[in-house]
Amino acid sequence: MTAFVTDVTLGAFLSADELAALRRPTGEAIGLPGRAYGEKFFELERGKLFPKSWCAVAFGTDIPEPGDAMPVDLAGWPLMVVRGQDRRVRAFHNICRHRAMRLIGKKCEALGVIACPWHSWTYDLEGRLIATPRIGGETKSSDSAFDTRGLDLKSVAVGEWHDLVFVNIDGKAPPLAKHMKPLDEMMANCDFSDLRKAPESFTLDYPGNWKVSVEGAIEDYHIPWGHPQLNKGAKRGGFALDFAPDCFYANSVVREYTAPQEADPANLQDPRLPRILSPDVSGKIRTLFLNVFPTGGIQSRENFILLGLMLPDGGARTLLRFNAYFKGAAATDPDLAAARQAATAAWRLVLEQDIDFVRAVHDNYQRRDSAGIEAHMAPFWESNVLEFQRNVVNLLDDRT
Ligand code: FES
Ligand SMILES: [Fe+2]
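To start, this report covers the structure provided alongside it. (Residues numbered from 1 in each chain as written. Chains lettered and ligands numbered in written order. Predicted model: local features only at pLDDT ≥ 70, side-chain atom pairs only at ≥ 80, totals over all residues. Heavy atoms only, no water.)

Let's talk about the sheet that holds strand E5 (residues 114-115)
Strand order in this open sheet of three strands is E5-E6-E7, and the pairing throughout is antiparallel. With partners counted over all chains shown, the strands left at the sheet margins are E5 and strand E7 (129-131), one partner each. Examined bridge by bridge, strand E6 (residues 122-123) and E7 share two bridges and lie antiparallel to one another. Within E7, the position partnered with Thr122 by the bridge is Ala131. (Pairing = 2+ DSSP bridges. Helix = DSSP H or I, 4+ residues; strand = E, 2+ residues; numbered from the N terminus.)

Considering the coordination of the iron ion (ligand 2)
Looking at the iron ion (ligand 2), the protein donor atoms are His222 (NE2), His227 (NE2), Asp354 (OD) and Asp354 (OD), and they sit 2.1 to 2.3 Å from it. Coordination at the iron ion (ligand 2) is irregular: its four donor atoms span angles of 57 to 144° at the metal. All donors of the iron ion (ligand 2) belong to a single chain; written as a sequence motif, their spacing is H-x4-H-x126-D. A residue pair is termed long-range when its members are at least 10 positions apart, and His227 in the loop between helix H6 (223-226) and strand E11 (234-244) and Asp354 in helix H7 (residues 337-365) qualify at 127 residues. Note on Asp354: relative accessible area 9%, which makes it buried. (Donors = N, O, S within 2.8 Å, 3.2 Å for Na, K, Ca; no water. Tetrahedral: all angles 85-135°; square planar, octahedral: opposite > 155°, others 65-115°. Buried < 20%, exposed > 50% of the residue type's maximum accessible area, 1.4 Å probe, protein only.)

Considering the pairing of E11
As paired strands, E11 and strand E12 (residues 248-257) are joined by nine bridges and run antiparallel to one another. Note that in E12 the partner of Phe243 across the bridge is Tyr249. Between E11 and E12, which pair antiparallel in sequence order, lie three residues; one of them, Asp246, sits at a positive phi of approximately 75°.

Some words on the pattern of salt bridges
When their charged atoms lie close together, side chains carrying opposite charge are able to pair. If you walk through the whole model with that rule in mind, you get 24 salt bridges. Arg87 is the salt-bridge partner of Glu65, the closest N and O atoms lying 3.3 Å from each other. In this pair, Glu65 is assigned in the loop between strand E1 (55-59) and strand E2 (69-74) and Arg87 in the loop between strand E3 (77-83) and strand E4 (89-93), connecting sequence segments 22 residues apart. The exposure class assigned to Glu65 is partly exposed, which follows from its relative accessible area of 42%. Taking relative accessible area as the criterion, Arg87 reaches 44% and is therefore assigned partly exposed. (Salt bridge = Lys/Arg side-chain N within 4 Å of Asp/Glu carboxyl O.)

Considerations on unusual backbone geometry
The residue after Phe293, namely Pro294, is reached through a cis peptide bond having omega -5°. Looking at where Pro294 falls in the secondary structure, it is placed in the loop between strand E13 (285-292) and strand E14 (296-301). In the Ramachandran plot, Asp194 falls in the positive-phi region, its phi being about 55° despite a non-glycine side chain. Locating Asp194 in the fold gives a position in the loop between helix H4 (181-186) and strand E10 (195-206).

Details of the environment of Leu111
Inspection of the secondary structure assignment puts Leu111 in the loop between E4 and E5. Separated by 224 residues in sequence, Leu111 and Asp335 have C-alpha atoms that sit 35 Å apart.

Quick notes on the layout of surface pockets
Roughly 580 Å³ of volume is contained in the largest pocket. If you tally residues by element for the lining of the largest pocket, the top one is H7, at six residues. Looking at the lining of the largest pocket residue by residue, the class counts come to 17 nonpolar, six polar and six charged. (1 Å grid on protein atoms, 1.4 Å probe; cavity = no way out; pocket = protein on both sides within 12 Å on 5 of 7 lines; lining within 4 Å. Points joined across faces, edges and corners; volume = space filled by probe spheres on them. Nonpolar A, V, L, I, M, F, W, Y, C, P; charged D, E, K, R; others polar.)

Thoughts on the sheet that holds E10
Strand order in the open sheet formed by seven strands is E10-E16-E15-E14-E13-E12-E11, with antiparallel pairing between adjacent strands. Of all strands in the sheet, those with a lone pairing partner are E10 and E11, marking the two edges. The average angle at which neighbouring strand axes cross in this sheet is 15°, direction not considered. Where helix H5 (residues 210-217) meets the sheet, its contacts fall on E10, E12, E13, strand E15 (304-312) and strand E16 (318-327), and the angle it forms with E15 comes to roughly 155°. (Axes fitted to C-alpha atoms, helices over the stretch in contact; angles between N-to-C directions. Contact = heavy atoms within 4.5 Å.)

Rendered as structure tokens:
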């Protein structure tokens, strides 16, 4: 695998002193400079960060049946995910082996083969080149002067964790199950069995760099001002930060549901929706929001979970997709649609409320370096934001 050709290096963005400042204890550390949130730095991430990592790019339920396929763009890498006749999900570069036409441009259902729209080179669902019509003349589908061996689709390592589909472009990451073990342990209080996707899902377009989106989502410091409704009907305590490098960056709270008559829908726990989180040792429910590094997101609640994608669209936009999952028949029962919609819409609102912050922060990050203004982190709330930034830098640093 050849990475994107880039002559950009981490040293062009961060001096040795800035790297050292990023690695100081949280209260003394200086966060990434604003120039780490621009297009040039994104080029470096595209070449060196995203190919090395297991990246969530799609949901298994996007392509539920054999022959279903979908193009996905991972930080400028054109890929596709395909469900084979054996029901396994595979991923390929969405680039024809002839003269590089994009093979599929939109979500497709029940494909028997993948046929290139340009000259009709045809691949089976496992990526094998199986036909080259007209290659040797009007009626000849072969040419003794042209060897088609070795021209199957370029595959990409793929793995599934619940409904999230991950790819690892350079194929060098450890097996996905091993990679996700810290997250499985972190989420031991969540019963994933028989979780089913509900019809309620949503997509949001964030006007900012993907790191602005992630960093804002994994800290609860801004909740009283950014999302004041989240304090209605629930008492939040036992705040905790947790992370495992490369794998996840989380914040969680112990939640007591109070005053249901005044509660925001985000804090209403409809008893008809089966519980999926078990209480901790103190008998309290701990809920969390986390980033599955770099492009996944999880929000857990007492009786449902949101799984999400936070996919960079260039260096200045991020596409968010969130699906909601409830237990068993509650996921699709029409009598529970209003309860599901209320819960899901409440979290969509929270993410919508962040859009203005993302836009304004992204804009200022393009300017703050020239004003000599640095980023500081509150140790109680934001040490995992700093850990996230250190992880980004470590993946980009050729010396580590
Ligand atoms: S580019 Fe695909 S068949 Fe020619
Ligand atoms: Fe927020």
